[in-house]
Structures are given as structure tokens and as C-alpha cells.
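# Observations on the three-dimensional arrangement
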Amino acid sequence: MKVRELTISGAWEFTPVVHGDDRGVFLEAFKADVLAETIGHRFDLAQVNTSVSAAGVVRGIHFADVPPGQAKYVTCTVGSILDVIVDVRVGSPTFGQWDAVLLDDVDRKAVYLSEGLGHGFCSLVDGSTVTYLCSTGYRPDGEHGVNPRDPEVDIQWPRVARDGASLDYELSAKDLAAPSLAQALESGLLPRYDA
């Protein structure tokens, strides 16, 4: 498995070796020892989430209170997404910056994001199926968001789907109503880099 550190500290891309023949493919999608060596500690799996999205669906940018925070190991088992990690940690040298990785059912990459980082994605094909391994369970009172269309963060969401068709974005009412990064900072919602 190849590991590449992203431009946001605490985030990595994992590319497995995919073995294929006329019967299909086999790969090791998650290796606890490789992840632990990369992040410097064991990843405690508390919950596995799956979402299925139509082309153009944008989910996020979501983050959890720290502590306890919620680290995630994310992969797209069916379809294709542009996965986006946003540094929402106050005091971080890359605060307000983002990085993105194409996750799909061809290269089978995954991303890991540490506690305190924001996460979102845009589906590039109908039926994109995303699986999240989470270090803590969902706590509705500890989950927050930043508007994925915040012009100050300026995420360059894809304009075309995997098949070349133009994308019409679809966001949940909750994500549309999420504050900008500046508003979230002003209201004290954001995690601290040193936490």
C-alpha cells in the first residue's frame, strides 16, 4: 500500500495494490498496521458509516467537537467522488486551506483525516457509495459544519461528472444553512489545532 501525506497536516492518501484478472479484483482496502505506522497511534474503530449519493450531491463540510473528535478513513467502493479535507482547526498553519483526492472504484484509494479536520465530497456518478471507518460514534450535539460553498474557503468543486455531463449540485438544507468558516470561527464552533 502506498501512502502519501496531503497538504493538510493530519491527512493522508492510501493507494492499495489492486490484483485483477478476468474474474474481477482483490485488494487490501484497510491495513491497521500501515495506518498506525503512518499516524503514530492505533486507530480505534467505533462505527462504520455508508452513504450512497447521486451525481452532483455535495455532502459536508462536516467536523466533530474535539475532544473527542472523530477521525475517519474514507473510501468509495462504488462510483466516484472528489473527497475534500478542509483544515478548520484554529491555530493550524494551514487553517482555511483544503486538499482533495479522487476516490473511485478504479484506483480504490482511501483518505484518512485526523480529529478536528473538516470533511466533504462531491459525487461524480449516480450511486457513488462511500464507506467511512470512524474512530468515535456519531454524536448529534457534537457535529458541526461549514458551508461547502463558502467563497473564502473557495473549494473548486468539480463541474463535470465522470461521464462528462455537467453537474448540478444538490446539498442538504443543513449544509446550505451551515455558517461560513469566518462565522464558525466567530461563534467558537471550530476545534483548536493544539487540542
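Residues numbered from 1 in each chain as written. Predicted model: local features only at pLDDT ≥ 70, side-chain atom pairs only at ≥ 80, totals over all residues. Heavy atoms only, no water.

## Re the state of the cysteines
We apply this condition: Defined by distance alone, a disulfide is two cysteine sulfur atoms within 2.5 Å.
Here the structure, examined in full by the defined rule, presents zero disulfides. With no disulfide of its own, Cys76 has Cys122 as its nearest cysteine by sulfur position, at a separation of 11 Å.

## Overview of the nonpolar core
So the rule is basically this: Nonpolar cores are built from buried Ala, Val, Leu, Ile, Met, Phe, Trp, Tyr and Cys residues. Side-chain atoms within 4.5 Å join them into one set. Partly exposed residues are those whose accessible area sits between 20% and 50% of the maximum for their type, while under 20% is buried and over 50% is exposed, using a 1.4 Å probe and protein chains only. Only DSSP runs of H or I reaching four residues or more are called helices, and only runs of E reaching two or more are called strands; each is numbered from the N terminus. Whether two residues are in contact is decided by their heavy atoms: any pair within 4.5 Å suffices.
Counting residues in each nonpolar core, the largest one holds 20 residues, and the members touching the most others are Val146 and Leu190. Taken together, the elements giving at least two residues each to this core come down to strand S6 (58-64), strand S8 (80-86) and helix H3 (181-186). Those residues in contact with Leu190 that sit more than four places away from it in its chain are Phe63, Val88, Val90, Phe95, Val146, Leu181, Ala184 and Leu185. Of all hydrophobic cores here, the second largest spans 16 residues; its members include Ala11, Val74, Leu113 and Leu117.

## Describing the packing of aromatic side chains
Rules: Whether two aromatic rings pair depends on their centres lying within 6.5 Å, for rings of Phe, Tyr and Trp, where Trp uses its six-membered ring; planes under 30 degrees apart make the pair stacked, over 60 edge-to-face, and the rest tilted.
Going through the model one piece at a time under the given rule, you end up with five aromatic pairs. Judged by centre distance (6.0 Å) and plane angle (40°), the rings of Trp12 and Tyr112 are tilted. Here Trp12 is found in strand S2 (residues 11-15), whereas its partner Tyr112 is found in strand S10 (residues 110-113), with 100 residues between them in sequence. We note that Trp12, like Tyr112, is buried. Through a chain of ring-to-ring contacts, the aromatic side chains of Trp12, Phe14, Phe30, Phe43, Tyr73 and Tyr112 assemble into a single cluster.

## A look at helix H1 (residues 32-39)
The criterion, for reference: Within this analysis, the arc is defined by the directions that extend from the helix axis to the C-beta atoms.
Among the residues making up H1, those that are buried are Val34, Leu35 and Ile39. Taken around the axis of H1, the buried residues stretch over an arc of 115°, which confines them to a single face. Exposed residues pointing more than 90 degrees away from the buried face of H1 are listed as Asp33 and Glu37. Elements that come into contact with the buried residues of H1 comprise strand S1 (2-5), S2, strand S7 (72-78) and S10. Immediately beyond the C-terminal end of H1, within one or two residues, lies Gly40, with a positive phi of roughly 90°.

## Comments concerning the pattern of salt bridges
We count it as follows: One speaks of a salt bridge when a side-chain nitrogen belonging to Lys or Arg is within 4 Å of a carboxyl oxygen belonging to Asp or Glu.
Using the criterion set out here, one finds eight salt bridges in the structure. We note a salt bridge from Arg23 to Asp21, for which the minimum N-O separation is 2.7 Å. You can call Arg23 exposed: its relative accessible area is 74%. Residue Asp87 pairs with Arg89 through a salt bridge whose shortest N-O separation is 2.9 Å. Assigned by exposure class, Asp87 and Arg89 land together as buried.

## Points about the sheet that holds strand S9 (residues 98-104)
Whenever strands of a sheet pair, they do so through backbone hydrogen bonds, lying parallel or antiparallel. How we decide: Here the rule is simple: two strands pair whenever DSSP picks up at least two bridges between them. To define axes, lines are fitted to C-alpha atoms, for helices over the stretch in contact only, and angles between the resulting N-to-C directions are given on a 0 to 180 degree scale.
Sheet architecture is open: five strands sit in the order S9-S8-S11-S6-S13, paired in antiparallel fashion. Edge positions in the sheet fall to S9 and strand S13 (143-145), since each of these pairs with one other strand and no more. In this sheet, adjacent strand axes meet at a mean angle of 25° when their direction is disregarded. In this sheet, strand S11 (residues 118-123) lies alongside S8 in antiparallel orientation, the contact comprising six bridges.

## Let's talk about the pairing of strand S12 (residues 128-134)
With seven of seven residues buried, S12 is to be regarded as a mostly interior element. Two elements, strand S5 (residues 47-53) and S12, share seven bridges in a ladder whose sense is antiparallel. Its bridge partner lying in S12, Val52 is registered against Thr129. Note that S7 and S12 share six bridges and pair antiparallel.

## What about empty space enclosed by the protein?
As a reminder, the rule being used: The rule is simple: put a 1 Å grid over the protein atoms alone, call a set of points where a 1.4 Å probe fits but cannot get out a cavity, call an open set with protein on both sides within 12 Å along at least five of seven lines a pocket, and count a residue as lining if it has an atom within 4 Å of a point. Grid points are joined across faces, edges and corners, and a volume is the space filled by probe spheres set on the points. Throughout this entry, Asp, Glu, Lys and Arg are counted as charged residues, while Ala, Val, Leu, Ile, Met, Phe, Trp, Tyr, Cys and Pro are counted as nonpolar. The remaining residues, Gly among them, count as polar.
Summed over the entire model, instances satisfying the criterion amount to one cavity of 30 Å³ or more. Space inside the largest cavity adds up to approximately 80 Å³. Of the residues that constitute the lining of the largest cavity, the class distribution is three nonpolar, five polar and two charged.

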